[in-house]
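Breakdown of the fold
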Amino acid sequence: MLTQLLWADDTAIRVGGELIAEGKLVGFPTETVYGLGGNALDAEAVRAIFAAKGRPADNPLIVHVADAEGIDAFCVPNPTAERLMEAFWPGPLTLLLPKKEVIPDVTTAGLGTVALRCPKHPAARALIRAARVPVAAPSGNRSGRPSPTTARHMLEDMNGLIPLILDGGPCSVGVESTVLDVTGQVPVILRPGEVTREQIAETVGDCRVAGSVMRPLREGEAAPSPGMKHRHYAPKGKMTVVRGRDAEKVAARVRELYDASENACILCHLDHMRLYGDRRKENLGADPEEGAHLLFAALRKMDDMGVERIIAEGWDEAGVGLAVMNRMARAAAFDMEEV
Ligand code: AMP
Ligand code: MG
């Protein structure tokens, strides 16, 4: 199959909408990462998404809508969910709610809840409107690879597998949406994103973070979100994350690990570049927001350079830092050091 890469103008979006309505798959930009979209109500289209990604069938998809209106056709909303939709939609917040029967079981991997999100990116919303159906879309990478934050990155993974990728430029956020379970008394973050625990608690009074966000699942522990049990965001090189309050101490340990390795690269904060002399290094930004924006592109770049060892400086887990550290911890298969 020939994969077309088209700038996401009105004509291309119309073509994309028709493809989705016909049961085909389309790559498209959102503010978080690029998505691989298909008709969420069409079990065949959804199966094709799992196949193109090589995604395990037990990992459910997020269903994207153009706005909150008419959402009760797909789920059973509640007052907490409604308040959060009002505050954060369109935007990078995914809400888990009891699902209605129109959503096929393959979309939710057999779960009784459906994950719903209204993206902010204008091309994403225009595509969903053009398709006239809710759009199931996981991140547009092959399963296990870092999520794509540019159309080119998505083409690297999906070339020949889908008919069309819409190019809307680099993603502004850079990490996937916050996944929030709102079926219980207190909302629980299953995957951190740009919408933070602090912001959610401010809006609805309280918010918890699932324990497995920053540690591997314990043996026999059920994954609150199935995506958490799979290896994720993995670069080809072996990665270690070093964290600590004292930048000099962190840098000393990073240098030590780098110097003991072959073909290594450091992933460090912008203002720490100078601490590493002429060692090979990539920029992880000046703050966690910028880190979220740069992380996946940096991991892909290091893959392209053939890097076999990645030594990364961590961020503090406050605010968006939690989302970046969640991705880094998984990319490093939880090889984390505190100094
Ligand atoms: P991705 O599609 O790559 O952005 O990943 C979607 C994330 O949302 C994965 O971690 C899924 O496991 C999670 N997710 C989607 N639907 C549900 C659901 N019904 N219950 C729990 N987690 C979900
Ligand atoms: Mg993903």
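As a starting point, this report considers the structure included with it. (Residues numbered from 1 in each chain as written. Chains lettered and ligands numbered in written order. Predicted model: local features only at pLDDT ≥ 70, side-chain atom pairs only at ≥ 80, totals over all residues. Heavy atoms only, no water.)

Looking at empty space enclosed by the protein
Scanning the model with the defined rule gives 1 cavity of 30 Å³ or more in all. Here the largest cavity is characterised by a volume of approximately 30 Å³. Lining the largest cavity are I189, P192, G193, V195, T196, R197, G319 and L322. Its residues assigned to classes, the lining of the largest cavity shows 4 nonpolar, 3 polar and 1 charged. (1 Å grid on protein atoms, 1.4 Å probe; cavity = no way out; pocket = protein on both sides within 12 Å on 5 of 7 lines; lining within 4 Å. Points joined across faces, edges and corners; volume = space filled by probe spheres on them. Nonpolar A, V, L, I, M, F, W, Y, C, P; charged D, E, K, R; others polar.)

As for the site of ligand 1
Neighbouring ligand 1 are 17 residues, the closest being N59, T113, P138, R191 and G227. One of the side-chain N or O atoms of R55 is found 3.3 Å from an oxygen atom in ligand 1. Surface burial for ligand 1 is 96%, taken as the share of its 490 Å² of free accessible area covered by protein chains. In a pocket analysis with a 2 Å cut-off to the grid points, ligand 1 is assigned to the largest pocket. Residues that form the shell around ligand 1 fall into these classes: 10 nonpolar, 5 polar and 2 charged. (Near = heavy atom within 4 Å. Polar contact = N/O pair within 3.5 Å; in protein donor to acceptor, adjacent residues only side chain to side chain. Areas by Shrake-Rupley, 256 points an atom, 1.4 Å probe, with all protein chains shown as cover. Sits in = over half its atoms within 2 Å of the grid points.)

Some thoughts on the layout of surface pockets
Volume-wise, the largest pocket comes out at about 630 Å³. What lines the largest pocket is a set of 38 residues, among which P60, I62, V179, R191 and S225 lie closest to the centre. Where the lining of the largest pocket is concerned, the elements lending two or more residues are β4 (62-64), β6 (113-117), β9 (178-181), β10 (188-191) and α9 (321-331). Among the elements that line the lining of the largest pocket, the one with the most residues is β6, at 4 residues. Across the lining of the largest pocket, the residue classes break down as 18 nonpolar, 14 polar and 6 charged. In this structure, the second largest pocket spans a volume of roughly 290 Å³. In terms of lining residues, the second largest pocket is bounded by 14 residues, among which G244, R245, G314, W315 and D316 are the most central. Contributions of two or more residues to the lining of the second largest pocket are made by β12 (238-243) and α7 (247-259). (Helix = DSSP H or I, 4+ residues; strand = E, 2+ residues; numbered from the N terminus.)

Describing the sheet that holds β12
Read across the open sheet, the 5 strands follow the order β14-β13-β15-β12-β16; overall the sheet is parallel. One side of each edge strand has no neighbouring strand; the edge strands of this open sheet are β14 (281-283) and β16 (336-338). Each neighbouring strand pair of the sheet contributes to a mean axis angle of 20°, computed without reference to strand direction. As paired strands, strand β13 (residues 264-268) and β14 are joined by 3 bridges and run parallel to one another. Residue C268 lies in a different strand from β14, and its bridge partner there is N283. Sheet strands in contact with helix α8 (residues 288-304) are β12, β13, β14 and β15 (309-313), and its direction is about 170° off that of β13. (Pairing = 2+ DSSP bridges. Axes fitted to C-alpha atoms, helices over the stretch in contact; angles between N-to-C directions. Contact = heavy atoms within 4.5 Å.)

Geometric descriptors of this kind do not, in isolation, establish any biological role.
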